[in-house]
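# Fold and geometry: a report
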Amino acid sequence: MQALTIDTETRSAVSIKRSSYRRYASHRTTNLLSIACQWVNEPHAKVYRPAQGAVFTPQDMMPSELRTAVENGIPIYAHNKPFDARILYYHCHKRLGWTEIPEELWRCSMALCSYYAIPRKLKEAAKALALPVQKDMEGNKVMHQLASPKKWTLTPLKMHIKRQDPDWKSKWRTDKALSEHCKDLLQNREYVDRLPILWDETPAKLEKNAEYCRTDVEVQTLLLRTLGPLPDDRLKDWQFDQMINERGVQVDVLSLLSTSMLIERELELANTRVAELTKDTTGVSAVETVGQIEKIRTWLSMMGVDTLGLTKDDVASVLHRDDISERVREVLSLRASAGKASIKKVAALLDNVDEDYRARDALVWHKASTGRWAGRAWQPHNFPRDCYKPKEAEEFHRAIREEADAVGCLTAGANRVEFFDAVSMAMRSYLTAKSGHRLLVSDFASIEARVLAWLAGCQTLLDRFYANECVYSFFASRIYGREITGKGPERQLGKVAVLGLGYQMGEEKFIQTASNPPYSIAGLDQKQTIKKWNRYRKQEEWTEQTMGKIVVDLFRSTFKEIPQFWSALQETSIQAVSERKTLPCGRLQIGCTPDGQWMFVVLPSGRAIWYREPRLTQKPNRWNSKRVDTVLSYMTVDSKTSQWVRKDSYGGLAAENATQAVAADLLKEAMQRVEANGYPAILSVHDEVIAESNRGSKDEFHSLMKVVPDWATGCPVEAETHEADRYGK
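The shown structure was predicted, so the numbers you read here are calculated from the model rather than taken from an experiment.

Our focus in this paragraph is helix α14 (residues 293–302). Burial in α14 covers these residues: I296, W299 and L300. Projected down its long axis, α14 shows its buried positions confined to an angular sector of 100 degrees, all on one face. Turned more than 90 degrees away from the buried face of α14, the exposed residues are E294 and M302. Packed against the buried residues of α14 are α13 (253–277) and α16 (326–338). Where α14 terminates, the next one or two residues include G304, which has phi positive at roughly 85 degrees.

Written out as C-alpha cells, the structure reads:
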C-alpha cells in the first residue's frame, strides 16, 4: 500500500468550533504552525516547522513528501480530511504558494473509523484498537493554548504600552499608576478590541506542538496499517459524500440576519418578563434570564414545583399538570420556547455560511455504524419536524425582513412564546434554492417497515405494501377488532406499533411510547378486545400493561415471520462467532474473521457492517432464571453517551441494524442515481434526498427515487416527492 499520512497544526482568531472549515482556513488570522508527514511504510513521521518565527510564510517550502505524493498520484490521508484539505488549499496553496492537492488524492482515516464502527476521534480509536502509539494528551493541551489568541490581561497590556510609548514614565510616573490605568483600559471593550492579537508562541510550546503533530501522524499511520484502505466501492461512496459537502446548500442570509437581531431583542424582552414574574415581596428577582436553569429550578421549588431538570420533556411534563399557578406556567413556557434548540441553530447556521451564502460540511459520512449519514455543525438532521407550508414560509420571511406583525410573532407580553415557536417552525425554510433553480425533495415512505418486511419475508406486510394499502390502518383494525380508516388516534396507535414493534420492543417500552396522545393506548375498547383475545377474559383488572401485552402479542402473531427473523439472526450470529465462519441468514450473510476480532454482516448490496471484538458469554435468562443462554456481545460506540462500550446483542437489535443499513444503501443509491441523471444532490436528511436543479421535473425525480436496485428486487420502495423554492416538509 502506497500512501502518505499528514496532519496540520494551526492557529486563528476564528473559532473552529463555531465556524465553517472554509471560513476558518481562509481567514486572514489563520496560520500554519507545523505540518507532519509519514509514508505509510516508514517507521516515523517527519515534522516541518517554519524556518523563522512561529508561522509559515511564502518563503517556507512545501514538504517534499507532499510534493512527491502529488506528482506521483499517491493517496494522502488526514484525520478529518475536510478540515486539513481546506487548510492546504485556502492557506497553503492560495497564500503560501504550495502546489494544489487534487481532490481525488485525498483520503480520510476518520472515514475508516466510521466504516469499521469504531470511535471517530483519534484518541479513542487508538485505544479501541490498542495501537502501540497513543495520542499525546499533554501535547493536546499545548495545542489548544497555541490555537487561539490569548486574552489581554494586566501584565501583557503594561508591556505593550511600554513598548509603544518609551516616554510612559513621564505620563504615569510610577509602575503602579500605569497598572491602574491599564485596569481601566481593560474594562473598555472597544479599546481591547482594537489591540493587536496576542498569541502564545514560546519556543518550548511551539516545539511541543510540533512533536504533538508528529505523534498524531504516527498514530494515524498505525490506524491505516491496522484497518487498511476503504474498499473501492466505499471509497467512491465517501468521495460522493465529499462532493455533496463541498457543493453545500444556499442559505437565506438576509432573513437569517434579521432573525438573529430579532432573537436578541425577543430574548431581552423574555428575560425582562421572567425577572418580573420571579420577583419576591422585596422586589428582587429570583431569576434574571431564561438561561439560568438552576435559578429557575430553585424558584420552582419555592413555588412548590419540583423537577429533575429543565429539558424539553421535563418542562412539557410540568406544563401538562393542572395544579400549577399561572406564574409558574408562564415562566416555564418562556423557558421552553426561548430554550429551543432551533434558536441556537440560527446562530450556528450563520457561523457556517461561507462568502457565497452556502453552508457546507453538514453531512458526516457513515456516522452511524449501519452506514447512515448524520449531521454536524448546524445539524440539519435535528431540524424541528413541524414546519411552515410554502406560502406560510414566504409570509414569515417577508414579516421577518420587514419586522412586521404579519405572522403574529413580534408583539409584546406573553406573545414572546409565539415568536420563538414561529422561528422554530421556520428553520427548514432558511435553506433555499439558488436563483433560477428549485429544490426537489423526496422522502422514502415508511422505509424501515418496508425493508424489514422484505428482509424477514413477511408476506402479510409485503402484500399490504404492494397493494398500496395503509399498513398502519390495517394493523389498527386488527387491534380494535373493527375497520379503521382515515387518520386518528386509532391509526396512530397502529403506526407506532408497526414502526416500533418490529425490533423486538416489549410491552413496557411500547406502553411508554404509546401511552400519550395521539396514540391513546388507554382508549382500547375492552369489550371488543376481550372478545378477540379470549385468554384475557378472566382478567379482573385491565391495565395499560395488559393492553400493551395484547398489542405486542398481536403484532408477533400477525407478522410471525418477523419474530422468526429475530431468532434466525441471533442464532446465526452466535454460530458464526463460535465457529469463526460465514453463514447465510435469509438475504444476509453473517460471519466472523479467523482471528475473532471482527464480526460482520454482508448486506444484499454486498456492503458489510462491522462489529468489533465479538464475544460469547453465558448469562441467566431474563424471564427464566433457571435457564442459561448464550449471549453475543461486541464493542460499539454508544449512540447516547458516545462512549466505547460493550453491548449485548439480541435478535431485534440485529434486525434493526440490518434494516437501517439496507435503508441507508437504498438512500445512497437513490442519491447517486438522481445525481447521475442531472439532479445535483445537496443534502440528505434522514430518509430524504434534497437536490437543487434548473431542469427536469418532479415526476422524473420521483420515478428515479423509486427505482429498486437489482439486489433489492421485491422490496416495496415508495417515496413522497415535492418541489419548492425553500426547504420544508
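Following the criterion strictly, the structure yields 21 aromatic pairs and no others. Taken together, a centroid distance of 5.4 Å and an interplanar angle of 55 degrees make the contact between Y116 and W598 tilted. With Y116 in the loop between α4 (109–115) and α5 (122–128) and W598 in strand β14 (residues 598–602), the pair connects residues that are 482 residues apart, well separated along the chain. Take Y116 and W598: they sit in the same class, and that class is buried. Arranged with centres 5.9 Å apart and planes meeting at 85 degrees, the rings of W598 and W610 form a pair that is edge-to-face. One end of the pair, W598, is in strand β14; the other, W610, is in strand β15 (residues 608–620), and 12 residues separate them in sequence. What makes W610 buried here is its relative accessible area of 16%. Here the basic side chain of R695 rests over the ring of Y679, its NZ or CZ set 4.9 Å away from the ring centre.

Turning our attention to the layout of surface pockets. Each pocket or cavity is described by its volume, and for the second largest pocket that value is around 1,200 Å³. K312, D313, A336, K340 and A341 are, among the 30 residues lining the second largest pocket, the residues nearest its centre. Listing elements by their share of the lining of the second largest pocket, those giving two or more residues are α15 (312–319), α16, α17 (341–351) and α19 (416–426).

This paragraph deals with a positive patch on the surface. A cluster of basic side chains, namely R385, K389, K487 and K495, defines a positive patch on the protein surface. Take K487: it is sitting in the loop between α22 (471–480) and α23 (489–500). The class of K487 is exposed, set by a relative accessible area of 78%.

This part takes up the pairing of strand β13 (residues 588–592). Judged by how many residues are buried, β13 sits mostly within the fold: four of five residues are covered. Here three bridges tie strand β12 (residues 583–585) to β13, and the two strands are oriented antiparallel to one another. Residue pairing across strands places C585 opposite L588, the latter belonging to β13. Alignment of β13 against β14, held across four bridges, turns out to be antiparallel. Looking at the pairing, I590 lines up with V601 of β14. Linking β13 to β14, which pair antiparallel, is a turn of five residues; within it G596 sits at a positive phi near 75 degrees.

Moving on, we get to the pattern of salt bridges. Scanning all chains against the criterion turns up 52 salt bridges. With a closest N to O distance of 2.6 Å, R401 and D252 form a salt bridge. You can see R401 sitting in helix α18 (residues 390–402) and its partner D252 sitting in the loop between β6 (249–251) and α13, a full 149 residues away along the chain. Taking the relative accessible area as the measure of exposure, R401 reaches 40% and is therefore partly exposed. What makes D252 buried here is its relative accessible area of 7%. Note that K549 and D553 form a salt bridge whose closest N and O atoms lie 3.6 Å from each other. Taken together, the positions of K549 and D553, both in helix α26 (residues 544–558) and four residues apart, correspond to about one turn of that helix. Judged by its relative accessible area of 13%, D553 is buried. Residues participating in the shared-partner salt-bridge network are R22, R86, E246, D354, E355, D356, R360 and D361.

Moving on to the packing of α23 against helix α24 (residues 507–514). As a packed pair, α23 and α24 sit with axes 11 Å apart at the nearest point and diverge in direction by 140 degrees. Classified by the angle their axes make, α23 and α24 are oblique. Helix-helix and strand crossings are classified by hand; for α23 and α24 the assignment is right-handed. Residues L493, V496 and A497 of α23 form the contact with α24, whose participating residues are F510, T513 and A514. Across the contact of α23 with α24, the residue classes tally to five nonpolar, one polar and no charged.

About the thresholds
Residues numbered from 1 in each chain as written. Predicted model: local features only at pLDDT ≥ 70, side-chain atom pairs only at ≥ 80, totals over all residues. Heavy atoms only, no water. Buried < 20%, exposed > 50% of the residue type's maximum accessible area, 1.4 Å probe, protein only. Helix = DSSP H or I, 4+ residues; strand = E, 2+ residues; numbered from the N terminus. Arc of directions from axis to C-beta. Contact = heavy atoms within 4.5 Å. Phe/Tyr/Trp six-rings, centres within 6.5 Å; stacked < 30°, edge-to-face > 60°. Lys NZ or Arg CZ within 6 Å of the ring centre and 35° of its normal. 1 Å grid on protein atoms, 1.4 Å probe; cavity = no way out; pocket = protein on both sides within 12 Å on 5 of 7 lines; lining within 4 Å. Points joined across faces, edges and corners; volume = space filled by probe spheres on them. Patch = residues over 30% accessible without salt bridge, like charges linked within 9 Å, V, L, I, M, F, W, Y side chains within 5 Å. Areas by Shrake-Rupley, 256 points an atom, 1.4 Å probe, with all protein chains shown as cover. Salt bridge = Lys/Arg side-chain N within 4 Å of Asp/Glu carboxyl O. Lys, Arg positive; Asp, Glu negative; His and termini not counted. Charge placed at Lys NZ, Arg CZ, Asp CG, Glu CD. Pairing = 2+ DSSP bridges. Axes fitted to C-alpha atoms, helices over the stretch in contact; angles between N-to-C directions. Parallel < 35°, antiparallel > 145°, perpendicular 65-115°, else oblique. Left-handed = near helix turned anticlockwise from the far one by under 90°. Nonpolar A, V, L, I, M, F, W, Y, C, P; charged D, E, K, R; others polar.

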